[in-house]
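Below, each chain spelled out in residue letters.
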Amino acid sequence: MNRAGRVERVLLVDDDASVREALGQTLELAHLVPTLAGSYIEAKDHITPRFEGVIVSDIRMPGKDGFALLEFAQSVDAELPVVLLTGEGDVPMAVRGISSGAFDFLEKPCAPKDLIAVVEKALKTRALVLENRRLKRQVAQGDAAARLLRGTSEFSKRMREEARAVARSAADVLVTGEPGVGTAKMAEVVHLLSAGSMAPFLKFPAVSQTPESLAAAFDAAKDGSVFLDEIVALSRPAQFALLELLEGHDRPRLIAGTYADLRHETVEGTFSPDLFYRLEAAVIRIPPLRERREDIPTLFRHYVDIACEQSDLPVPEITPEVISNLIAQDWPGNARSLMNAAMRFAMGLSEGEAQEDELGLAEQLAQVERSLLIAALQRHGGNATEAAKGLKLPRKTFYDKLARHGVRAELYRG
């Protein structure tokens, strides 16, 4: 076991039992943990993505040889060190192994100190690789920009970079964009990436704020962040009160969101110029979906997964035709509309179209009922009798509901 407390494992592969046992003992005397295997087939089962050790393998073996094992190990983990053992006169073959990605090679018979030196070097390399991976996972999990701001477009990459850059500063922030783009989510990302991420993050609609409520919010979110949604709706007295609060040093960060053109509102005299210029120093613009269409498939799949998980529904196939239809639309409601379309798609109610008109209660209930019928049929392989039992409905009632909603049970048979 090394100083970090990790067991240092070595998968030792050699078809010669006496050589295998001797090398295994050498490794044990060096406080390493060998796993012995006599063939490619026997060794293969030990090589998994979770294997944290290194491999020492003879080249010449009956059946698949050490090169085949090297190739397999690289297919599982390209950074898994493989040390090759060569017989007398096989050095050119070993050099070929190095060019194919082997970590190193040793000539047999090898001195114990030479074996241990190469293996320990390989283990140190392996430990470094695993630690780097662990740190990358940690960063990715802790990076709210990567976790919450999804998308592969250049626009999305730039948004994530802007969020990180702004969060590192102490500046107050203005988040702009069309309705539905997610200004509140961006505000949360900036907060989570900031030094005050462990302090409160409080969200308020600006239209309802008074000078007194703003002061209370700033007191409650000390060292954290206050998000004011649609700041253009802040009353004139509240705007002046906010300016005074921003003069203080021991206060939370202000993150303001708006769909409006604040510069225009300032020129028109409806928004305080001092407050506007204060917020203009750090602006994050969230582009609409029509400007970053390549993000639509990623976002849609994510929303469908969420909808299915929340409703305990199987994830439906998202065909290329569905994706093409999604990308072709302008999505004036942006992420919010796309999320609604994903929810309907998950319930089998649409093929991913935007829905501009809000449904009434009866229509919404009908959609939910239809989705439950379909989910029951999917669970029971299209067997209507079993699906009816699962929903605790009389068979005739179940068939009546299928007919009313235009659902055909045979479409869900395996």
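Since we're looking at a predicted model, the values are computed, not measured. (Residues numbered from 1 in each chain as written. Predicted model: local features only at pLDDT ≥ 70, side-chain atom pairs only at ≥ 80, totals over all residues. Heavy atoms only, no water.)

A. Representation of the overall build of the protein chain within the structure. Helix and strand counts for the protein chain come out as 18 helices and 10 strands. Here the C-alpha radius of gyration of the protein chain, 31 Å, is well above what a compact globule of 414 residues would show, namely 22 Å. Overall size of the protein chain, expressed as C-alpha extent along the three principal axes, is 90 × 70 × 35 Å. The burial tally for the protein chain puts 43% of its 414 residues in the buried class. Taking all contacts inside the protein chain whose residues are at least 6 apart in sequence as the whole, residues at least 24 apart take part in 68%. Only carbon and sulfur atoms are counted for the fraction: they give 53% of the accessible area of the protein chain, which is about 21800 Å². The averaged location of the 60 negative side-chain charges in the protein chain is 3 Å from the averaged location of its 50 positive side-chain charges. (Helix = DSSP H or I, 4+ residues; strand = E, 2+ residues; numbered from the N terminus. Rg over C-alpha atoms; globule rule 2.2 N^0.38 Å. Buried < 20%, exposed > 50% of the residue type's maximum accessible area, 1.4 Å probe, protein only. Contact = heavy atoms within 4.5 Å. Areas by Shrake-Rupley, 256 points an atom, 1.4 Å probe, with all protein chains shown as cover. Lys, Arg positive; Asp, Glu negative; His and termini not counted. Charge placed at Lys NZ, Arg CZ, Asp CG, Glu CD.)

B. Up close: the sheet that holds strand 7 (residues 201-205). Reading across the sheet, the five strands line up as 7-8-9-6-10 and stay open at both edges, with parallel pairing between neighbours. Either end of the sheet is taken by a strand with one partner, and the two such strands are strand 7 and strand 10 (283-285). On average, each strand axis in the sheet is tilted by 20° relative to the strand beside it, whichever way the strands run. Sheet contacts for helix 8 (residues 183-193): strand 6 (173-176), strand 7, strand 8 (225-229), strand 9 (253-258) and strand 10; angle to strand 8, the most-contacted strand, approximately 170°. (Pairing = 2+ DSSP bridges. Axes fitted to C-alpha atoms, helices over the stretch in contact; angles between N-to-C directions.)

C. Broad picture of the pattern of salt bridges. Counted by the stated rule, this structure contains 18 salt bridges. We note a salt bridge from Arg126 to Asp77, for which the minimum N-O separation is 3.0 Å. Taken together, the positions of Arg126 in helix 5 (residues 112-142) and Asp77 in the loop between helix 3 (66-76) and strand 4 (82-86) put the pair 49 residues apart, joining distant regions of the chain. What makes Asp77 buried here is its relative accessible area of 6%. A salt bridge links Lys396 to Asp400, with the nearest nitrogen and oxygen atoms 3.0 Å apart. Of this pair, Lys396 and Asp400 are both found in helix 18 (residues 395-405), four residues apart, which corresponds to roughly one turn of the helix. (Salt bridge = Lys/Arg side-chain N within 4 Å of Asp/Glu carboxyl O.)

D. Molecular detail of helix 7 (residues 154-168). Its 15 residues give helix 7 an end-to-end C-alpha distance of 21 Å, which sits within 8% of 21 Å, the value for a rise of 1.5 Å per residue. Listed in full, the buried residues belonging to helix 7 are Ser156, Met159, Arg160, Ala163, Val166 and Ala167. Take helix 7 and look down its axis: the buried residues cluster within an arc of 135°, on one side only. Along helix 7, the residues that are exposed and aim more than 90 degrees away from the buried face are Glu154, Glu161 and Arg168. In this fold, the buried residues of helix 7 make contact with helix 6 (144-148), strand 6, helix 8, strand 9 and strand 10. (Expected span 1.5 Å × (residues − 1). Arc of directions from axis to C-beta.)

E. Inspection of helix 15 (residues 334-346) at higher detail. Counted at 1.5 Å a residue, the expected span for helix 15 with its 13 residues is 18 Å, and the 18 Å between its end C-alpha atoms agrees. Within helix 15, the full set of buried residues consists of Asn334, Ala335, Ser337, Leu338, Ala341, Ala342, Arg344, Phe345 and Ala346. Positive phi shows up at Gly348, right after helix 15, with a value of about 75°.

F. Region of the structure containing the side chain of Asp172. Mapped onto the elements of the fold, Asp172 is located in the loop between helix 7 and strand 6. Here the side chain of Asp172 touches Arg251 through a polar contact of 2.8 Å, side chain to side chain. Separated by 2.9 Å, the side chain of Asp172 and the backbone nitrogen of Leu254 make a polar contact. Those residues in contact with Asp172, other than ones at most four positions away along the chain, are Leu246, Arg251, Arg253, Leu254, Arg278, Leu279 and Ala282. (Polar contact = N/O pair within 3.5 Å; in protein donor to acceptor, adjacent residues only side chain to side chain.)

G. The sheet that holds strand 4, seen in detail. Spatially, 2-1-3-4-5 is the arrangement adopted by the five strands of the open sheet, whose pairing is parallel. Each edge of the open sheet carries a strand with a single partner, namely strand 2 (33-37) and strand 5 (104-107). Direction aside, neighbouring strands of the sheet carry axes that sit 20° apart on average. Strand direction decides the pairing type here: strand 1 (residues 9-13) and strand 3 (residues 54-58), joined by four bridges, are parallel.

H. Looking closely at the pairing of strand 9. In terms of burial, strand 9 is a largely internal element, six of the six residues being buried. Residues Arg253, Ile255 and Gly257 line one face of strand 9 and the alternating positions Leu254, Ala256 and Thr258 line the opposite face, and both faces are buried. Strand direction decides the pairing type here: strand 6 and strand 9, joined by four bridges, are parallel. Note on strand 9: the bridge partner recorded for Leu174 is Ala256.

I. Region of interest: the packing of helix 13 (residues 296-311) against helix 15. Closest axis-to-axis distance for the helix 13/helix 15 pair is 8 Å, and the angle between their directions is 50°. Considering their axes alone, helix 13 and helix 15 lie oblique with respect to each other. Where helix 13 crosses over helix 15, the two elements pack in a sense that is right-handed. Only Ala335, Leu338, Met339, Ala341, Ala342, Met343, Phe345 and Ala346 of helix 15 make contact with helix 13, whose side of the interface consists of Ile296, Leu299, Phe300, Tyr303, Val304, Ala307 and Cys308. Split into classes, the residues belonging to the contact of helix 13 with helix 15 amount to 15 nonpolar, no polar and no charged. (Parallel < 35°, antiparallel > 145°, perpendicular 65-115°, else oblique. Left-handed = near helix turned anticlockwise from the far one by under 90°. Nonpolar A, V, L, I, M, F, W, Y, C, P; charged D, E, K, R; others polar.)

J. Geometry of the environment of Ser337. Residue position: Ser337 is located in helix 15. Sequence-wise, Ser337 and Lys64 are 273 residues apart; in three dimensions their C-alpha atoms are separated by 55 Å.

K. Up close: the packing of helix 7 against helix 8. Packing of helix 7 against helix 8 leaves a shortest axis separation of 8 Å and a crossing angle of 50°. When the axes of helix 7 and helix 8 are compared, the pair comes out oblique. Crossing geometry of helix 7 relative to helix 8 is assigned as right-handed. Facing Met159, Ala163, Arg164, Val166 and Ala167 of helix 7, the residues of helix 8 in contact are Met186, Val189, Val190 and Leu193.

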